[in-house]
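Residue-level listing of the chains:
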Protein chains: 2
Amino acid sequence: MLSPLISELIDALRILPGVGPKSAQRMALHLLERQRPGGLRLTKALESALHRVEHCRDCRMLTEQAVCRLCQDGSRDDGALCVVESPMDVIALEQSGCFRGRYFVLLGRLSPLDGIGPQELGLPQLISRLRDQPSITELIIATNATVEGEATAHYLREATRALPLTVSRIGHGVPMGGELEFVDGNTLTHALSGRRPVP
Amino acid sequence: MLSPLISELIDALRILPGVGPKSAQRMALHLLERQRPGGLRLTKALESALHRVEHCRDCRMLTEQAVCRLCQDGSRDDGALCVVESPMDVIALEQSGCFRGRYFVLLGRLSPLDGIGPQELGLPQLISRLRDQPSITELIIATNATVEGEATAHYLREATRALPLTVSRIGHGVPMGGELEFVDGNTLTHALSGRRPVP
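Think of each chain on its own: its residues are numbered from 1, step by step along the sequence as written. Numbering of ligands from 1 and lettering of chains from A proceed in the order in which they are written. This being a predicted model, a pLDDT of at least 70 is required before a residue's local features are given, and a value of 80 or more before pairs of side-chain atoms are given or counted; all residues contribute to the totals for chains, interfaces and linings. Neither water nor hydrogens contribute to the side-chain values; these are computed over all heavy atoms in the structure.

Regarding the domain arrangement of chain A
Delimitation of the domains relies on an automatic or database domain assignment. In terms of domain boundaries, chain A breaks down into domain 1 (4-52) and domain 2 (76-169). Taking the mean C-alpha position of each, domain 1 of chain A and domain 2 of chain A sit 35 Å from one another.

Focus on the UniProt feature "zinc finger region: C4-type" (unreviewed entry) in chain A
The sites that carry the UniProt feature "zinc finger region: C4-type" (unreviewed entry) are, in the present numbering, residues 56-71 of chain A. Secondary structure elements follow DSSP: runs of H or I no shorter than four residues count as helices, runs of E no shorter than two count as strands, and numbering proceeds from the N terminus. Between the end C-alpha atoms of residues 56-71 of chain A there is a gap of 8 Å, over a span that is 19% helix and 12% strand. UniProt positions are given in the numbering used here, feature names are shortened, and annotations may be inferred rather than shown by experiment.

Description of the nonpolar core
Side chains of nonpolar character tend, in soluble globular proteins, to be buried together. The set of buried Ala, Val, Leu, Ile, Met, Phe, Trp, Tyr and Cys residues whose side-chain atoms join them within 4.5 Å is what this entry labels a nonpolar core. Each residue gets one of three labels from its accessible area relative to the maximum for its type: buried under 20%, exposed over 50%, partly exposed in between, using a 1.4 Å probe on protein chains only. Core analysis: the biggest nonpolar cluster contains 80 residues, and Leu9 and Met61 of chain A together with Leu9 and Met61 of chain B have the highest contact counts within it. In what follows, residue pairs with any heavy atoms lying within 4.5 Å of each other are defined as contacts. Setting aside chain neighbours within four positions, we find Leu9 of chain A in contact with Ala28 and Leu32 of chain A together with Leu42, Ala45, Leu46 and Ala49 of chain B.

Details of the relation of the copies chain A and chain B
Copy-to-copy alignment: least squares on C-alpha atoms, limited to residues at pLDDT 70 or above in both. In screw terms, the move from chain A to chain B is a rotation of 180 degrees and a rise of 0.0 Å along the axis, fitting with an RMSD of 0.0 Å. This pairing of chains is accounted for by a two-fold axis. Minimal C-alpha distance to the rotation axis in chain A is attained by Thr43 of chain A, lying at 2.7 Å. Of the interface residues in chain A, 100% have counterparts in chain B that sit at the interface too, so the contact is made through matching surfaces.

Quick look at the interface of chain A and chain B
The parts lose accessible area when they come together, and the size of an interface is often stated as this lost area. Each side of the interface is counted separately: chain A has 56 residues, and chain B has 56 residues. Of the roughly 5,700 Å² buried where chain A meets chain B, counting both sides, 72% is carbon and sulfur surface. Among the residues chain A hides against chain B, the three largest losses belong to Met1, Leu5 and Leu50 of chain A. Together they make up 13% of the total. Salt bridges are counted wherever a side-chain nitrogen of Lys or Arg sits within 4 Å of a carboxyl oxygen of Asp or Glu. If you look at where chain A meets chain B, you find two salt bridges. Buried area: the accessible area, evaluated with a 1.4 Å probe, that two parts lose upon being put together, summed over both parts.

Digging into the pattern of salt bridges
Scanning the entire structure with this criterion turns up 14 salt bridges over all chains. Across the salt bridge formed by Arg41 of chain A and Glu8 of chain B, the nearest N and O atoms sit 3.0 Å from each other. Taken as a pair, Arg41 of chain A in helix H3 (residues 36-52) and Glu8 of chain B in helix H1 (residues 4-13) lie in two separate chains rather than in one. Look at Arg41 of chain A and you get partly exposed, because its relative accessible area is 34%. Overall, the relative accessible area of 30% leaves Glu8 of chain B in the partly exposed class. Among the ionic pairs, Arg169 of chain A bridges to Glu150 of chain A, the shortest N-O distance being 3.2 Å. Residue Arg169 of chain A is located in strand E6 (residues 166-169), and its partner Glu150 of chain A is located in helix H7 (residues 147-159); the two are separated by 19 residues in the primary sequence.

Encoded structure:
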């Protein structure tokens, strides 16, 4: 019943994460009925970003600059490098404000069945960076606590064994505010084996 | 911390209904990281739709054609005309499959404080259509059951009093599947005053 251009817009909106047929329809009609200037702004923003955003030469974060803001920032600690899976993880860590070092974004995790190996994750680039920058003294592996994330962390640990580095993995256990009663067994096992002496 | 083009994309995505800062971020990174072809398709779809979709000459539904599909459809009943507030309402009625007549979309509701009067709602166009098409014998007013929707319905009833038409308002009451216990008093009042004899 809808005209072809509107149907195509609804279909195209469904590629957005978390957008089903009903929300896509609402979005399309909202843009066409009430938000044409906003829609034009979105078209332009999307076009520019898709054409110009690439990855940072040093850390592989998404950016339209050759080197991203975080890598350019001279006030950050060159001694620690944190390895994460995705740009979203960098944003989450930055928003927590708990880390002032440098990042390296894998843009994925080891997944041989999908053809994602060390090459695709930029590990040769990471290793040579660790070798060439003696200022880096600690490598923090912050891949996800999933099977692939753990496998990636393990691979990274082995690949950096020859380098004069402290290698650490972020802590796993009961999340803050979490109650033991509702935490799964696997997490409890990690929480218990990762226990620390109380001073 | 994000580069200007990415930040602008995130801001632009927030004009979509139901999209807050967190979802906008997730959408932007998803498009840039994993869905560039889909993103380009969205850019094109949005651009074409925004530039070419206008309103149907006859019923004011959104369409890029001069006359929309529903108005062109010769198999529909010319005897009944249903007046709704927005294109979304046409879609909802069409999806229910309960109405086979023609539509007229007000693209709003009477709201003098916002400068929306009969002119903006296309009421002169509607009245002359009702006058010029004697085939239309019933006018169904399906504006929303809100204060403005009711006021619009009332205005429409008065404005069409001189025409040889059956004018009806869609039924209000307890929604199907609804339980009396959870229905508000205003709805119950309408349900009671709109009671019908059981044959």
